[in-house]
Each structure stands twice: as C-alpha cells, then as structure tokens.
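Listed below, chain by chain, are the residues.
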Amino acid sequence: MATGKTIYIAVVGVGGVGQAFLGQLAQLQQRLAKKSPPTNLTLILVRRSTKQLSSPDYKPINIGTALAELDKVTTPFPQLIVSVNYLAKAPGKVVLVDNTSDLDFATVYPLVLSKGISIVTPNKKAFSHTFSLWTRIFEAAANGSGPEGNGFVFHESSVGAGLPVLSTLNELVETGDEVIKIEGVFSGTMSFLFNSFQPVAGGGGTFAAEVKKAKDLGYTEPDPRDDLNGLDVARKLTILARIAGLPVESPTSFPVQSLIPAELKDCKSGDEFLAQLPEFDNRMDEVKAKAAKEGKVVRFVGSINVGSKEVKVGLESFDKSHPIAALKGSDNIISFYTKRYGSNPLIIQGAGAGGEVTAMGVTGDLIKVIKLLR
Ligand SMILES: NC(=O)C1=CN([C@@H]2O[C@H](COP(=O)(O)OP(=O)(O)OC[C@H]3O[C@@H](n4cnc5c(N)ncnc54)[C@H](OP(=O)(O)O)[C@@H]3O)[C@@H](O)[C@H]2O)C=CC1
Ligand SMILES: N[C@@H](CC=O)C(=O)O
Ligand code: NA
C-alpha cells in the first residue's frame, strides 16, 4: 500500500461543538487511514480556555482519550501565539479547528494563514468583525487571494450550522448569478424559542423557561445574551452580506432589535441574566398577545436587500400559514432571491444549531481542506 501523507490537526474549544467534532474526527481518521493512498490525520494539540495538551514530538494524541488527558494537564497554559508557532514547525501541513467563540483568537487568523496553517471553524467572530479583518483574512488565505503555500480557510458552520448556506451562496456568486435578497430565520436559538413560546397550534411555555431549555440543548452561544441581543443573527447577516458583495462594516452598522430587557443590560454573567429573566416574562407575553390578536405568530427574522444595501434584524409577525411560522425545533430557513431563480427563491431549511449538526459543517470543511492539500 502507498505510504500516503500526514495532516496534523489542532483542536481549540472542546464544548458542545468541539466534543461532537472530536467524535466525527475519530471516524474520519479511520476512514481516511483505509484509503489508498491513506491520509493520516494526526491530532497534535487540544486546547480549552485554561488548559492545553500538545504532543512535543508531533506524535499522534489518541482522539478517544484526548479530553481525559487534557483534564489531567497541570503544565502552565501557553499563550496562543506560542501554540501557533509550535504548529507552524510541524513536519507537514496543519489544520487548526477553532471551536471557540473567542474574538482574540479570530484576530490572529491572518497570521495563522500566513504561516501555512489552514483554519476551519464555526466561530463567527472573525468573519463578522471589522471589514478590514475580513479583507486581511481573505488576502492571506490560499483560497482567497493569498499566495500558494498559505493556509486555506472555511467557515460553513458560522451560518446555519451544518446547512450548506455559505457553499451555496459562494456558488451562486462565483457562477455569476445576481443575489437580490436573502431573508429568513438564521438562529437556531431564536427559532426554538419562538416555535415553543408561540406555536401555531396555540399554547406555549414561558419565554425565560424556553431560553433556559435552548441553552440546555446546546443551541445558544456560550453566553445566551449573545443570541437574545440579536447580535448572533446580525453576525450571520454580516457574513452573508459580505459574500453577496456588500462591504458591511460590522454587525452593529445596521438596525438590530435586542430582546434583552434594559434593566438586565448590566448583568455580570450569563447565569445572573438567566436567573433574573423570568421577572420580565410579561413583556414577551404582550408581544405574543399582540400578534395573536391579529391571528399571527411572532418570529425573529433577518433580511439583506442587496440593491438597497439594507440589512435588518428583529421581530416580525407572520400568518400561521407562512413557512416561517411553521418551522419546528431549532430549524433555520434561508431564502435566496436571485436573478436566475426569479420570484421562486432557492430555499435551505433544517436544524440550525446543535453540536452534531454544527460539527458536521466543520468536518465537511476539514474534508475540503484535506482535498486541497493533496
Ligand atoms: N452550538 C451551536 O449550535 C453552534 C455553535 N456555533 C459556534 O461554535 C462555537 C462553539 O460553540 P459551542 O461548542 O456551543 O460553545 P461551548 O461554550 O460549548 O464551548 C466553547 C469552547 O471554547 C473554549 N474556549 C473559550 N474561549 C477560549 C479561549 N480563549 N481559548 C481556548 N478555548 C476557549 C471553551 O473552553 P472551556 O471548556 O475551558 O470552557 C469551550 O471548550 C461558537 O463560535 C459558536 O458560535 C456555530 C453554529 C451552531
Ligand atoms: N447560537 C447560535 C448557534 C449557531 O450559530 C444559534 O442559536 O443559531
Ligand atoms: Na452552514
């Protein structure tokens, strides 16, 4: 059998998505090892917010026991840049998987790419921060305008989790279609919240209790206020708008409706916020009652109008027969109105949050990079 090649993998962030990713990585490792020629996926680094496990001689860390080994680590936590330099010296190509929602990490992507390290990530922060960071990332990436030898970058799960949203939009744009409008439900958390708070069939739980459930199900951001303030959706729309050709400066450069009660703006932690949220259930009950009086239901949506350069995020009421009203669970629905598709949009629908479906997008991106590194 041919010797094949080795690709070194570093995983940063081992929460809901990171752990699901490690499970999928173990399966992929086995599958690629059996191919001819084989590809050897070699895990060399696992890092969380306070601990890091790395292989001093670039020998494989066992994926199945990596988390238990990480837990046992007592050595000092190295700075990120030290770890990036360690990866840059690996005896082969490296793919860094960022399963955090950390912005500091995101800001070093251009440097990481320029060192020949590829990045796959569900983290929205880098791609929705300043337009200048976006430009620098794609100027450094080999699948942007960066030089050969630099790393590749893919971030499918940053919008619609594992749903093929970014690959579809990129293909529409790269094949010369004209994107006119993108609209829909872009948050698994918000979808779950409103589908269970005001189901079309009537009834529904209290708002704060549904927020707590969304967190327990792994749908929310590490801090659920990042969902409820509308910014998670705004970040996704910033990414989509940029791919569609609008140089949106940031997720705060267009109207975004926040569902955080003004009184809870200064809560010190997500837990403190969740503990106090039930005191404000009556406000969301009023929103629900107003929609119900018109025979409608309320949902949290977003839209990008490419022609008029308008982007907005917030609550809207929908007739009960509308496809947005009828969503289930954490489903996203994303409609692309383009010149080719005319008045019948191209629609993508399905689970938009959750560890396994999000990790699937990350693993899919890793497979793309592995093929490009051939
Ligand atoms: N959950 C979902 O459904 C989806 C999530 N995403 C994105 O995936 C990413 C991960 O989400 P999720 O797994 O749910 O989040 P979790 O909170 O479950 O996990 C986050 C992980 O990142 C680690 N981490 C945080 N800061 C740092 C840091 N500075 N350095 C190293 N590690 C760090 C945490 O460490 P520790 O374990 O020590 O706390 C934890 O392991 C986020 O960017 C999110 O937006 C995207 C689509 C859907
Ligand atoms: N918190 C996000 C996770 C996926 O991006 C959401 O609920 O959609
Ligand atoms: Na996606």
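Conventions and cut-offs
Residues numbered from 1 in each chain as written. Chains lettered and ligands numbered in written order. Predicted model: local features only at pLDDT ≥ 70, side-chain atom pairs only at ≥ 80, totals over all residues. Heavy atoms only, no water. UniProt positions renumbered as here; feature names shortened; annotations may be inferred. Helix = DSSP H or I, 4+ residues; strand = E, 2+ residues; numbered from the N terminus. Rg over C-alpha atoms; globule rule 2.2 N^0.38 Å. Buried < 20%, exposed > 50% of the residue type's maximum accessible area, 1.4 Å probe, protein only. Contact = heavy atoms within 4.5 Å. Areas by Shrake-Rupley, 256 points an atom, 1.4 Å probe, with all protein chains shown as cover. Lys, Arg positive; Asp, Glu negative; His and termini not counted. Charge placed at Lys NZ, Arg CZ, Asp CG, Glu CD. Near = heavy atom within 4 Å. Polar contact = N/O pair within 3.5 Å; in protein donor to acceptor, adjacent residues only side chain to side chain. Nonpolar A, V, L, I, M, F, W, Y, C, P; charged D, E, K, R; others polar. Domains from an automatic or database assignment. Donors = N, O, S within 2.8 Å, 3.2 Å for Na, K, Ca; no water. Axes fitted to C-alpha atoms, helices over the stretch in contact; angles between N-to-C directions. Parallel < 35°, antiparallel > 145°, perpendicular 65-115°, else oblique. Left-handed = near helix turned anticlockwise from the far one by under 90°. Phe/Tyr/Trp six-rings, centres within 6.5 Å; stacked < 30°, edge-to-face > 60°. Lys NZ or Arg CZ within 6 Å of the ring centre and 35° of its normal. Buried area = accessible area lost by both parts, 1.4 Å probe. Salt bridge = Lys/Arg side-chain N within 4 Å of Asp/Glu carboxyl O.

The protein appears in an unreviewed UniProt entry as Homoserine dehydrogenase from Cryoendolithus antarcticus. Here is the UniProt Catalytic activity (unreviewed entry) comment for the protein, exactly as written: "L-homoserine + NADP(+) = L-aspartate 4-semialdehyde + NADPH + H(+)". Looking at the protein in UniProt, the text filed under Sequence similarities (unreviewed entry) is "Belongs to the homoserine dehydrogenase family."

Regarding the overall build of the protein
When its secondary structure is counted, the protein shows 15 helices and eleven strands. For the protein, the C-alpha radius of gyration of 21 Å lies close to 21 Å, the compact-globule estimate for 374 residues. The C-alpha extent of the protein, read off along each of the three principal axes, is 70 × 50 × 35 Å. Within the protein, the proportion of its 374 residues that are buried is 52%. The long-range share in the protein, meaning contacts at least 24 apart out of those at least 6 apart in sequence, stands at 66%. Total accessible area on the protein stands at roughly 16500 Å², and carbon and sulfur atoms take up 53% of it. Charged side chains of the protein number 40 positive and 37 negative; the gap between the two group centres comes to 5 Å.

So, the site of ligand 1
In the vicinity of ligand 1 there are 22 residues, among which Val17, Ser49, Thr100, Glu221 and Gly354 approach most closely. A distance of 3.0 Å separates an oxygen atom of ligand 1 from a polar atom in the backbone of Gly16. Take Thr358: an N or O atom from its side chain is 3.5 Å from an oxygen atom of ligand 1. Within the complex, 80% of the 910 Å² of free accessible area of ligand 1 lies under protein. Split by residue class, the shell around ligand 1 holds six nonpolar, twelve polar and four charged. When we break the shell around ligand 1 down by domain, the ones giving at least three residues each are domain 1 (5-161 + 357-373) and domain 2 (175-351).

As for the coordination of the sodium ion (ligand 3)
Coordination of the sodium ion (ligand 3) by the protein is provided by Glu156 (O), Glu156 (OE), Val159 (O), Ala161 (O) and Leu163 (O), with metal-donor distances spanning 2.3 to 2.5 Å. Donor residues binding the sodium ion (ligand 3) come from one chain and are separated in sequence as E-x2-V-x1-A-x1-L. Given a relative accessible area of 12%, Leu163 falls into the buried group.

Regarding the packing of helix H9 (residues 188-197) against helix H10 (residues 207-216)
At a closest axis distance of 9 Å, the pairing of H9 and H10 adopts a crossing angle of 140 degrees. By the angle between their directions, the pair H9 and H10 is classed as oblique. Between H9 and H10 lies a crossing of right-handed hand. Of the residues in H10, those in contact with Thr189, Phe192, Leu193, Phe194, Ser196 and Phe197 of H9 are Phe207, Glu210, Val211, Lys213 and Ala214. Split by residue class, the contact of H9 with H10 holds seven nonpolar, two polar and two charged.

Quick notes on the packing of aromatic side chains
Summed over all chains, the structure comprises eleven aromatic pairs. Between Phe105 and Tyr109, the aromatic rings sit 5.9 Å apart at their centres with planes inclined by 80 degrees, giving edge-to-face as the arrangement. Across this residue pair, the class does not change: Phe105 and Tyr109 are buried. Pairwise contacts between aromatic rings join Phe105, Tyr109, Phe127, Trp134 and Phe138 into one cluster. Sitting above the plane of the Phe197 ring, Lys288 keeps its charged end 4.5 Å from the centroid.

Some thoughts on the domain arrangement of the protein
Split by domain assignment, the protein resolves into domain 1 (5-161 + 357-373) and domain 2 (175-351). The centre of domain 1, based on its C-alpha atoms, is set 29 Å off from the matching centre of domain 2. Tallying the contact residues gives 15 residues for domain 1 and 18 residues for domain 2. The junction of domain 1 with domain 2 conceals about 1400 Å² of combined surface from both sides, 66% of it contributed by carbon and sulfur atoms. On the domain 1 side of the interface with domain 2, the three residues burying the most area are Lys124, Phe131 and Val159, jointly 40% of the side's total. The partner of Asp232 in a salt bridge is Lys124, and the shortest N-O contact between them spans 2.6 Å. Counting across the domain 1 and domain 2 interface gives five residue pairs in polar contact (both at pLDDT 80 or more). Listed by contribution, the elements that provide at least two residues to the side of domain 1 that touches domain 2 are helix H6 (125-128) and helix H7 (131-140). Ranked by residue count, the leading element in the side of domain 1 that touches domain 2 is H6, at three residues. Partitioning the side of domain 1 that touches domain 2 into residue classes produces six nonpolar, seven polar and two charged.

Here's the deal with the site of ligand 2
The environment of ligand 2 is formed by Lys124, Ser187, Gly188, Thr189, Tyr219, Thr220, Glu221, Asp227, Asp232, Lys236 and Gly352. In the model, a nitrogen atom of ligand 2 is placed 2.9 Å from a nitrogen or oxygen of the Tyr219 main chain. One of the side-chain N or O atoms of Glu221 is found 2.7 Å from a nitrogen atom in ligand 2. Looking at the shell around ligand 2, the elements with two or more residues in it are H9 and helix H12 (231-243).

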